[in-house]
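Listed below, chain by chain, are the residues.
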Amino acid sequence: MNCRHNDELEHFVTEAKKVTVKGKVASYIPALAEQSGDDLSVAVYYTDGTCLSAGDVKEVFTLQSISKVLALALVLMEHGPEKVFHFVGKEPTGDPFNSIIKLETVNPGKPLNPMINAGALVVTSMMKGSTSSERIGRLLEFVRALANNRSISVCKKVAESEFQTSMVNRAMCYYMKEHGIFQAEVEDVMDLYTKQCAIEMNSLDLAKIGCVFALNGKHPETGEQLIPKDIARICKTFMVTCGMYNASGEFAIKIGIPAKSGVSGGIMGLVPYSFGIGIFGPALDEKGNSIAGIRLLELLSENYSLSIF
Ligand code: DON
């Protein structure tokens with residue numbers, strides 16, 4: 001893809017990078033700890049197919065929680081909203097992304113929304129396919145179509161690293177299974193979920209996927225309606241209310257665009273009908289969001305009046 005380096009964007013990247021010293025690369029998934037904390041790149045993909053970038057936008061990273069929006073879109077397409085929201089709620093939590101607490105205190109077993117780990121695990125458990133490899137294959141095909149890039153695949157090292165370590169996610173699965181929220185085998189769900197989180201791409205791919213959401217599910221290059229408009233709308237709404245976890249309210253006030261973060265340091269954002277943004281900055285703040293990525297979005301939002309509110 002032809003994406004032009006842009007000096008103005010580079011200026012904002014240089015400015016935003018200053019805060020990386022205050023952040024930390026995620027280490028609870030051992031393979032992520034190897035990422036370099038002072039990286040920052042951004043790509044902006046416009047609905048007319050033009051693209052601007054700054055930083056090393058060819059560097060690949062895993063989607064982690066950004067995959068939650070994409071898995072949700074697919075599962076909503078497979079089952080319809082009524083069935084999906086029978087098993088997962090629509091409300092923000094105000095708790096960290098991996099918190100277990102509200103699973104017990106509110107509607108036992110039913111997670112509050114699909115952007116927190118518990119809710120995403122339920123969504124993943126609903127993915128259609130008769131075998132694990134068929135299910136990850138379907139998701140990969142969907143993600144490749146969204147990015148219009150056939151080479152996107154799963155980083156086996158990161159998937160394996162998370163599979164070996166995520167005991168709290170397993171605990172949440174067993175708790176929800178006890179409450180009948182899903183019937184699937186926990187290890188199968190964990191296998192699929194860790195592979196889903198380890199789907200690897202660069203910020204250009206991510207910006208293009210953001211642009212599909214900016215166009216209500218229509219691909220800017222192929223013109224294909226990849227996600228029905230209503231489902232794209234649901235996904236974007238979750239990005240606003242829960243996309244940055246327990247920082248979503250502040251993010252909505254300061255920046256004001258639908259966005260989704262991941263612990264690898266990626267952020268996918270979009271401005272409706274205008275462009276998608278893909279950011280990669282692995283140093284995280286205390287809430288698990290890219291610290292320089294958020295600073296960069298703040299600068300862009302202030303300078304170009306991006307808030308949708
Ligand atoms: O389940 C996990 O903990 C990770 N695979 C994803 C978490 C994540 O990206 C949270 N985002 N900031």
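Remember, predicted model here, so these are calculated numbers, not experimental data.

Caption draft 1: Representation of the environment of L215 within the structure. Relative to the helices and strands, L215 resides in the loop between helix 10 (203-214) and helix 11 (229-242). When its relative accessible area of 23% is taken as the criterion, L215 is described as partly exposed. Sequence-wise, L215 and L270 are 55 residues apart; in three dimensions their C-alpha atoms are separated by 9.5 Å. Setting aside residues no more than four positions away along its own chain, L215 makes contact with T47 and P220.

Caption draft 2: Quick peek at the UniProt feature "binding site: substrate" (unreviewed entry) in the protein chain. Residues given the UniProt feature "binding site: substrate" (unreviewed entry) here are S65, N117, E162, N169, Y193, Y245 and V263. Y193 sits in the buried class, given a relative accessible area of 2%. A polar side-chain atom of Y193 sits 3.4 Å from a polar atom in the side chain of N117. When you line up the elements, Y245 lands in the loop between helix 11 and helix 12 (248-254). Apart from residues no more than four positions distant in its own chain, Y245 is found in contact with S65, K68, F97, M115, I116, K260, S261, K287 and N289.

Caption draft 3: Focus on helix 13 (residues 291-304). Look at helix 13: 20 Å from first C-alpha to last across 14 residues, which is about the 20 Å you get at 1.5 Å a residue. Taken across its 14 residues, helix 13 has 10 buried, putting it largely inside the fold. Of the surrounding elements, those touching the buried residues of helix 13 are helix 1 (7-17), strand 3 (41-46), helix 12, strand 9 (266-271), strand 10 (275-280) and strand 11 (283-284). The opening residue of helix 13, the one whose side-chain oxygen lies 3.0 Å from the backbone nitrogen of G293, is S290.

What counts, and where the lines are drawn
Residues numbered from 1 in each chain as written. Predicted model: local features only at pLDDT ≥ 70, side-chain atom pairs only at ≥ 80, totals over all residues. Heavy atoms only, no water. Helix = DSSP H or I, 4+ residues; strand = E, 2+ residues; numbered from the N terminus. Buried < 20%, exposed > 50% of the residue type's maximum accessible area, 1.4 Å probe, protein only. Contact = heavy atoms within 4.5 Å. UniProt positions renumbered as here; feature names shortened; annotations may be inferred. Polar contact = N/O pair within 3.5 Å; in protein donor to acceptor, adjacent residues only side chain to side chain. Expected span 1.5 Å × (residues − 1).

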